[in-house]
Number of protein chains: 2
Amino acid sequence: MFSKYKWVCSLAIFLCLMSNWITGGEGNEGGNMVKNLRVNPERLYERIMALSKIGETPDGGVNRVAYSEEDMQGRQFIISLMRKLGLSITIDEAANIIGTLKGRDPSRPPILFGSHIDTVPNSGKYDGALGVLGALECIEVLVENNVVPDHTLQVVVFTDEEGGLAGSRAMVGELDAPALKVVSQSGKTIREGIKALGGNPDNLVNAVKKKGDFKAFIELHIEQGSILVSKNVQIGIVQGIVGINRWDVFIEGAANHAGTTPMNMRRDALLAAAHLIIEINRLVRGTPGNQVATVGKISAHPGAVNVIPGSVLMSLEIRDLSSKKIQWIFNWIEKKASEIAQKTETQITFKAIDVTALPAPTYPGIRKVISEVAEELGLTSLSMPSGAGHDAQEMARITRIGMIFIPSVGGISHSPKEYSRKSDIVNGVNVLLHTILKIDSGALHR
Amino acid sequence: MFSKYKWVCSLAIFLCLMSNWITGGEGNEGGNMVKNLRVNPERLYERIMALSKIGETPDGGVNRVAYSEEDMQGRQFIISLMRKLGLSITIDEAANIIGTLKGRDPSRPPILFGSHIDTVPNSGKYDGALGVLGALECIEVLVENNVVPDHTLQVVVFTDEEGGLAGSRAMVGELDAPALKVVSQSGKTIREGIKALGGNPDNLVNAVKKKGDFKAFIELHIEQGSILVSKNVQIGIVQGIVGINRWDVFIEGAANHAGTTPMNMRRDALLAAAHLIIEINRLVRGTPGNQVATVGKISAHPGAVNVIPGSVLMSLEIRDLSSKKIQWIFNWIEKKASEIAQKTETQITFKAIDVTALPAPTYPGIRKVISEVAEELGLTSLSMPSGAGHDAQEMARITRIGMIFIPSVGGISHSPKEYSRKSDIVNGVNVLLHTILKIDSGALHR
């Protein structure tokens, strides 16, 4: 009896493995069955809505700042899903959640994909949530269709993306002691926050991955701008994540009585600032390319209605995919500023405050795969920079990265009004699914 | 023995009175003795320096804000001087100090002159102090030369000029209940302050003067600008105190991500503000006249280095001697603003916040007297507006006003660096002295 049972069992396991192999084989060889895999729109959409209930605000927004109670609940929601999908779950020392689906060949490095579920205060439903739930939907489609990839697949939920990419920086060995002391939106320091999420901030070195540890990292995200929407394109193929340079701009004139100082005897720092703001805009708009420059902060001193501004402090930020171009634009702005300073009898000085991010180009081979996938799925696509920062930019230090964008209606992000259409969401996750599958099948080695 | 003594005494008194009458008579008829009267430069200058010790700051400035301990000490200094000069002293219900030198003809209304001794925080030595100590110097010159004017002369020290002309507003019946509740720089409310100085804020009506109560009001002041200095002119004949209109300017664009929003898809409120600031300056400089317009305050919201400003709030102030011209300029600015709003896809609205002051023209007859006096003293003079507010503008509601300006080196005022040359100070007080004497002799009735 025992032996007969054993035989039946063995046969069942053999058939099971065979079926799996055949299906998987078809997938890896681009068979029709795998080619026809599509995500489940209802399931995906319902999960996005379900996650958005955690930290929901009265105006339909989401408040789920990193390390908050809501963040912890959101993470539990994701962990439950991963468990249901049979993934093995790791919380690394930086509290990144990694769900692993074992691949056929353990010698191959895993393909990593995912995003984050934390939000800025009073944000929207989509942002990072899409990249995480989209990744899990991809896994679910594979699991329910018994597709076993060659590579191990890992879905990552990075810790505290919005507060400064804490999780991905830790993973590439860039989250240092001073960063751990920063007080996050939750009120906790990053160190306290990581601890609260189950990480071990004293031993971050164990979370560090090195070159070769991953095959690639793919992140699906909403555009957070209006390029795709305005051009009516379905998929954005990210060329790279722009570099960001920032300066404090000081303009020194002379504060004086607004009643007794004739117009031609003024050294009005705010007038000089106005000229500079216009010149910055004129230059950056007039130069071919996707560079952007922004003056977001300004203060005039002493700042009284009846005193001519004696000094102005304002911010300048320039973003582009090329560090060289950022420098070229800045040099030109500095030149213009000195002309303005002379004309307005002021002094204008620039102080670089930090290089928040170097440009992080995506891997050309992955861009090609995304483009092919979009075409095969009958979707329109275009190449575009990511003007916003993402965990992918940190991951670029140790692996090939790719990013897929979908349209944000009205270009609105980090707001309760943030919205992506269901059809665009489904398209994006289908592109993610087939990008992963193509990379799994060796598309980067053609 | 007693009778002989009595006779000698009577003779002495008679001679004394005769001498006084003859001198006074000469003065009133423009006799040489009176024409040659000049202030005592050393005495005047020493008193200005002495008063500046009360509230002196380490950097040579003066902190004597209204109602403070220093203000009280400064007032005691003035009262002692008045007492020494034999003036009868009144503290009215608004705590204005009035020192009276009786004139020959009690039926004639007094000629009022003076200024204030309170300062803004960390201010300079000259400002109002010059007008008060200059007035007392004029009295001293008359007293020591036994000149008795036809009109009673009154030297006034107005309460809290810098905080909003409290004393002069009370004198013309314009200091109302809400104004008394305002908290002054001293920390006291105006009501508490007036009480602390010996006034009676509950009975201000008794301090109110009406039309006809004064012959005229004359105020000597530093220019607080650089018109006289830059043109190398010694005496400013004030045409009037400018009217001031103020607006809050709201600019509404769209806050958006500074990385993901292309330059041509932005509705940058700060860019619109920059265009408006430049247009305001261009218009006001390009229009003939002495009008001034100032944007002194600005804030951009949300005010983050990485967010395109969604809205801007800034101040606009226009000053001119003519209310009509202020309105004309404002209308033009509003028109330009609507063009800018269209071009930048923003909305620009103006909200008048208050009419701080209507223009207060000086009395033409007094301007003529000042001009003649300057010429007779061999001093250069020019007509100019007062861009700053003064107690004279309130006094204009009930009497003829005149203002005499002297140069401020570098045009600096309300600062420890405020400085007027001794020679200019002496010139100014001599002009004040002879302006009073000419008015006393009937110059306004020619």
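If you're wondering where the values come from, they're calculated on a predicted model, not measured in any experiment.

Before going further, it helps to examine the overall build of chain A. When helices and strands are counted, chain A shows 14 helices and 16 strands. For chain A, the spread of C-alpha atoms along the three principal axes comes to 110 × 45 × 40 Å. Within chain A, buried positions represent 57% of all 446 residues. Partitioning the intrachain contacts of chain A with sequence separation of at least 6 by distance along the chain shows that 80% fall at a separation of at least 24. Carbon and sulfur atoms make up 53% of the accessible area of chain A, which amounts to about 18200 Å² in all. Separation between the mean location of the 47 positive side-chain charges and that of the 46 negative ones in chain A comes to 3 Å.

To continue, consider the relation of the copies chain B and chain A. Mapping chain B onto chain A calls for a screw motion: a turn of 180 degrees about the axis and a shift of 0.0 Å along it, with 0.0 Å RMSD after fitting. These values place the two chain copies in the arrangement generated by a two-fold rotation axis. For chain B, the smallest separation between a C-alpha atom and the rotation axis is recorded for A274 of chain B, amounting to 2.1 Å. A symmetric contact is evident, with 100% of the interface residues of chain B recurring at the interface of chain A.

All names here are of chain A. Scanning all chains against the criterion turns up 44 salt bridges over all chains. In this structure, E144 engages R43 in a salt bridge whose closest nitrogen and oxygen atoms are separated by 2.9 Å. With a gap of 101 residues between them, E144 in helix α5 (residues 127-144) and R43 in helix α3 (residues 41-52) connect regions that are remote in the sequence. The closest approach of N and O atoms between E372 and K368, which form a salt bridge, is 3.5 Å. Of this pair, E372 and K368 are both found in helix α12 (residues 364-376), four residues apart, which corresponds to roughly one turn of the helix. Several salt bridges converge on common partners, so that one network encompasses R43, R47, E137, E140 and E144.

Conventions we followed
- Residues numbered from 1 in each chain as written.
- Chains lettered and ligands numbered in written order.
- Predicted model: local features only at pLDDT ≥ 70, side-chain atom pairs only at ≥ 80, totals over all residues.
- Heavy atoms only, no water.
- Helix = DSSP H or I, 4+ residues; strand = E, 2+ residues; numbered from the N terminus.
- Buried < 20%, exposed > 50% of the residue type's maximum accessible area, 1.4 Å probe, protein only.
- Contact = heavy atoms within 4.5 Å.
- Areas by Shrake-Rupley, 256 points an atom, 1.4 Å probe, with all protein chains shown as cover.
- Lys, Arg positive; Asp, Glu negative; His and termini not counted.
- Charge placed at Lys NZ, Arg CZ, Asp CG, Glu CD.
- Least-squares fit on C-alpha atoms with pLDDT ≥ 70 in both.
- Salt bridge = Lys/Arg side-chain N within 4 Å of Asp/Glu carboxyl O.

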